[in-house]
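Read off the chains here:
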Amino acid sequence: MSDAVVRHDQPPVSDFYPRKTVRRIPLLPHQLTERITPTGDVFVLAHVGVPHARAEEWWIDIVGLVARPRRLSLADLMKMPKRTVTALHQCAGFPARPEIATRRYANVVWGGADLAAVLRECEPSDEATHLWSFGVDRGSFEDVDSPVYLKDLPLSRIPAGDILLAYECNGQPLDAEHGFPVRLLVPGFYGTNSVKWLYRLELANRRPDAPFTSKYYNDSMSDGGSVRTRPVWSLAPESVIVAPCDGQTVAQGPLDVWGWAWADGPVSRVEISADGENWAEAKVEPRSQWSWQKFRYAWIAEQPGRYKLMSRAVDSCGRIQPLSGARNSAYEVNLSVV
Ligand SMILES: Nc1nc2c(c(=O)[nH]1)N[C@H]1C(S)=C(S)[C@@H](COP(=O)(O)O)O[C@H]1N2
Ligand SMILES: [Mo]
């Protein structure tokens, strides 16, 4: 039986609309001019629809391999010290098509309670290895019935810190589409892991079996014949050129190229190329919290013609953006120099 089968309590949902996939990406990469993405411009991804909840009736259960299971009301949660975390927010793209770069990005200030502190009070057992998080939305996605939105993360991730039970986005209460009244927020992980409409955290000694954990959001890695899969957790290094924009015509001479770069951890280098072969180092600001980092490069368009400007980020472990065929393929801008 799937771990997503609901045999436990759920808080009431007053309404559920629309009851279908919501996928809204308001901004194109060259429109990401602001360091903090205004809430109305943050993309929305909901696989099966949008539950509408009443804050007074909401709670979160913390259960499983813990000595002290607990039910926290939203009021309990809001009494705890509030923490704000600025974090890059990115959708991993189509679950079955990891080779497509869908470029759904935002950078958001989240506010909420610190997950590590909440868990500590529940005294997790030594056997616990994974945290399962449940969102109340149920429905069918690509003809697969999903009774609950269930994701997991390894408990070894908790010490990296800053995982929130978030109830604010950019200083305001979450709106329904972004997970009101409370969502998980895992900075450094792809958005799919940040469970909206969160009502249950279960500590377990394995990964769960559920549509959005064991079926979708697992990348295959061929490994000398055998095919293994890897959960879509950590953000791979990525960068985006905000200016100039794709298709632009620019004058011969110096040109200010700038954009954003991020990874699960600091980006240590961003490189720019105008020919796909020679790469020059851009200037990158240091990282602050889990935010994207601004980079700049003074390019000189020596000759009129057509150019493909590319950017690629390298993280502090030396991981580098591939040029094509991945969700984090190098970003490209086609330019005419006159
Ligand atoms: N409960 C629930 N949480 C969810 C989802 C969902 O469908 N249901 N979608 C996930 C995906 S794929 C992404 S990219 C992010 C999007 O968060 P946002 O809509 O607030 O930008 O939420 C994640 N959390
Ligand atoms: Mo997503």
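To be clear, the structure that these remarks concern was listed above.
Let us look at the structure shown here. Just so it is clear, the model here is predicted, and its values are computed rather than measured. (Residues numbered from 1 in each chain as written. Chains lettered and ligands numbered in written order. Predicted model: local features only at pLDDT ≥ 70, side-chain atom pairs only at ≥ 80, totals over all residues. Heavy atoms only, no water.)

Some points on the overall build of the protein chain
The cut-off we apply is this: The way it works is that DSSP assigns letters per residue, a run of H or I at least four long becomes a helix, a run of E at least two long becomes a strand, and they are numbered from the N terminus. Radius of gyration here is computed from C-alpha atoms only, and the compact-globule reference equals 2.2 Å multiplied by the residue count raised to the power 0.38. Contacts are assigned to residue pairs that have any heavy atoms within 4.5 Å of one another. The protein chains shown are the only cover counted for residues, whose accessible areas, like all others here, come from Shrake-Rupley with a 1.4 Å probe. The positive count covers Lys and Arg only, the negative count covers Asp and Glu only, and His and the chain ends enter neither. Charge placement uses NZ in Lys and CZ in Arg. For Asp and Glu, CG and CD serve respectively.
Within the protein chain, the regular secondary structure consists of 3 helices and 27 strands. Since a compact globule built from 338 residues should have a radius of gyration of about 20 Å, the 21 Å found for the protein chain is in line with a globular shape. In terms of principal-axis extent, the alpha carbons of the protein chain reach across some 65 × 50 × 35 Å. The contacts in the protein chain between residues at least 6 apart in sequence include a share of 72% that link residues at least 24 apart. With the model as given, the accessible surface of the protein chain reaches about 14700 Å², and the carbon-plus-sulfur share is 49%. With 38 positive and 40 negative side-chain charges, the protein chain shows a separation of 1 Å between the mean positions of the two kinds.

Observations regarding the environment of Leu131
This is how it is decided: Each residue is assigned to one of three classes by its accessible area relative to the maximum for its type, calculated with a 1.4 Å probe on protein chains only: buried under 20%, partly exposed between the two thresholds, exposed over 50%.
Along the chain, the position of Leu131 falls in strand E9 (residues 130–135). Overall, the relative accessible area of 0% leaves Leu131 in the buried class. Put simply, Leu131 and Leu185 are 54 residues apart on the chain and 13 Å apart in space, counted from C-alpha to C-alpha. Apart from residues no more than four positions distant in its own chain, Leu131 is found in contact with Leu115, Leu119, Lys151, Asp152, Leu153, Leu155, Leu201, Glu202 and Leu203.

Remarks on the layout of surface pockets
Our working definition: Method remark: on a 1 Å grid restricted to protein atoms, a set of points is classed as a cavity if a 1.4 Å probe fits but cannot get out and as a pocket if it is open with protein on both sides within 12 Å along at least five of seven lines; lining residues have an atom within 4 Å of a point. Grid points are joined across faces, edges and corners, and a volume is the space filled by probe spheres set on the points.
Here the largest pocket defines a volume of roughly 490 Å³. Lining the largest pocket we find 21 residues, and of these Asp219, Arg230, Ser234, Ala236 and Arg327 sit closest to its centre. Elements represented by at least two residues in the lining of the largest pocket include exactly strand E17 (218–223) and strand E18 (226–231).

Topic: the site of ligand 1
Here is the rule: Each residue is tested against the molecule or strand, and it is near if at least one of its non-hydrogen atoms lies within 4 Å. We define a polar contact as two N or O atoms separated by no more than 3.5 Å, with the added condition that, inside protein, one atom must be a possible hydrogen donor and the other a possible acceptor, whereas residues neighbouring each other in sequence contribute only through side-chain atom pairs. For this analysis, a molecule is said to be in a pocket or cavity if more than half of its atoms are within 2 Å of the grid points defining it. Any residue outside Ala, Val, Leu, Ile, Met, Phe, Trp, Tyr, Cys, Pro, Asp, Glu, Lys and Arg is labelled polar, Gly included; the first ten of those are nonpolar and the last four are charged.
Taken together, 19 residues form the shell around ligand 1, and within it Phe43, His47, Asp137, His178 and Lys196 come nearest. Within the side chain of His89, one N or O atom sits 2.8 Å away from an oxygen atom of ligand 1. With respect to ligand 1, the side chain of Lys196 contributes an N or O atom lying 2.5 Å from an oxygen atom. More than half of the atoms of ligand 1 fall within 2 Å of the grid points belonging to the largest cavity. With 3 residues, strand E3 (residues 44–46) is the single largest residue contributor to the shell around ligand 1. Of the residues contributing to the shell around ligand 1, the split by class is 9 nonpolar, 7 polar and 3 charged.

So, the environment of Gly111
As for its position among the elements, Gly111 is in strand E8 (residues 105–114). The class of Gly111 is buried, set by a relative accessible area of 1%. On a C-alpha basis, the gap between Gly111 and Thr84 in space is 4.3 Å, while along the polypeptide they are 27 residues apart. The residues touching Gly111, leaving out its near neighbours within four places in the chain, are Arg83, Thr84, Leu164, Ala166, Tyr167 and Glu168.

What to know about the pattern of salt bridges
When the charged atoms of two side chains with opposite charge come close together, those side chains can pair. Stated formally: Whenever a carboxyl oxygen of Asp or Glu lies within 4 Å of a side-chain nitrogen of Lys or Arg, that contact is scored as a salt bridge.
Within the structure shown, the criterion is met by 23 salt bridges. With a shortest N-O distance of 3.2 Å, Arg83 and Asp162 are connected by a salt bridge. With Arg83 in strand E7 (residues 83–90) and Asp162 in the loop between strand E12 (149–154) and strand E13 (164–169), the pair connects residues that are 79 residues apart, well separated along the chain. The class of Arg83 is partly exposed, set by a relative accessible area of 34%. A salt bridge links Glu202 to Arg200; the shortest N-O distance between them is 2.9 Å. Taking relative accessible area as the criterion, Arg200 reaches 12% and is therefore assigned buried. One salt-bridge network, in which partners are shared between bridges, spans Asp9, Asp61 and Arg71.

Concerning the state of the cysteines
Convention followed: The rule for a disulfide is simple: a pair of cysteine sulfur atoms within 2.5 Å.
Taken as a whole and assessed by the stated rule, the structure comprises 0 disulfides. With no disulfide of its own, Cys169 lies 16 Å from the sulfur of Cys91, the closest cysteine sulfur.

Looking at the pairing of E13
The line we're drawing: By the convention used here, strands pair only if DSSP detects at least 2 bridges between them.
Of all 6 residues that make up E13, 6 are buried, and the element is covered over most of its length. With 5 bridges connecting them, E8 and E13 associate as antiparallel partners. Bridge assignment links Gly111 to a residue of E13, and that residue is Glu168. Taken together, the 3 bridges between E13 and strand E15 (residues 183–185) define a ladder with antiparallel strand orientation.

Digging into the side chain of Glu168
Looking at the element boundaries, Glu168 is found in strand E13. Engagement of the side chain of Glu168 in a polar contact is seen with the side chain of Lys82, the distance being 3.1 Å.

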